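# Architecture and fold: a report
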Amino acid sequence: MATAFEHPYVPKELHLPGYVPCFLSQKDILVRYLGTSVVGFALIWLSSGRLSKISKTDRLLMCWWAFTGLTHIILEGYFAFSPEFYKEKTPHFLAEVWKEYSKGDSRYAARDAGVVTVEGITAVIEGPTSLLAVYAIASRKPYSYILQFAICLGQLYGCLVYFITALLEGDNFSASPYYYWAYYIGANSSWVVIPALIAIRSWKKISAAFQVEKKTKTP
């Protein structure tokens, strides 16, 4: 007979048949995730340095878009299309990430329809377009700023839906205040602050381009 494990999520009455506890510790998960991210950043930064006429700001943006694009596709894509990740009986890293993160927002383990929808759209649309942004910046494509602005709006919209639906449902999905602030707030803050800053920058660049075009057409 299979052992029945008690899950650590809120509410306690959340029904998760077949739940299997995390194999990896929080430290193990963070070290692997951050380590892989740092290596990815370094590779993009070093390779972008070989491009001519690319500013340091654009190189940083290439790093960000590569990071966020791969995060959307791999991490969030796994969640969206793996409804029973909490049953994983091996230390599968992606399953471990979501088992751990669900301590900060149990809607993930519960497969909340709103969360699955937001994450699915993010993985399928925003992930590939984020990688396209890397190419657009590197190739100095004229649609680069419009693309970045559009992706940022999508990310900000997704975050708004994510947080607002939690508030409307009682905002009580974290196992403790620590997980609430570290995971629910902290882990998502980058996708609010950074897209907002990039959107403002892109808007200014687009507006400046239209101003130049307007002046050139003025007799």
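The structure displayed is predicted, hence computed values, not measured ones.

Between helix α2 (residues 56-80) and helix α5 (residues 144-168), whose axes approach to 13 Å, the crossing angle comes to 45 degrees. The pairing of α2 with α5 is recorded here as oblique in orientation. Between α2 and α5 lies a crossing whose hand is left-handed. For the pair formed by α2 and α5, the contact residues are Leu61, Trp65, Thr68 and His72 on the first element and Gln148, Ile151, Cys152 and Gln155 on the second. Classifying every residue of the contact of α2 with α5 gives 4 nonpolar, 4 polar and no charged.

Interhelical geometry of α2 versus helix α4 (residues 113-138) gives an angle of 150 degrees and a closest axis separation of 7 Å. Classified by the angle their axes make, α2 and α4 are roughly antiparallel. When you trace α2 past α4, the crossing you get is left-handed. A class-by-class count of the residues in the contact of α2 with α4 yields 17 nonpolar, 8 polar and 4 charged.

Turning our attention to the UniProt feature "domain: EXPERA" (unreviewed entry) in the chain. Within this numbering scheme, the UniProt entry marks residues 57-199 as carrying the feature "domain: EXPERA" (unreviewed entry). Secondary structure within residues 57-199 divides into 75% helix and 0% strand; the distance between the first and last C-alpha atoms comes to 14 Å.

The rules behind these values
- Residues numbered from 1 in each chain as written.
- Predicted model: local features only at pLDDT ≥ 70, side-chain atom pairs only at ≥ 80, totals over all residues.
- Heavy atoms only, no water.
- Axes fitted to C-alpha atoms, helices over the stretch in contact; angles between N-to-C directions.
- Helix = DSSP H or I, 4+ residues; strand = E, 2+ residues; numbered from the N terminus.
- Parallel < 35°, antiparallel > 145°, perpendicular 65-115°, else oblique.
- Left-handed = near helix turned anticlockwise from the far one by under 90°.
- Contact = heavy atoms within 4.5 Å.
- Nonpolar A, V, L, I, M, F, W, Y, C, P; charged D, E, K, R; others polar.
- UniProt positions renumbered as here; feature names shortened; annotations may be inferred.

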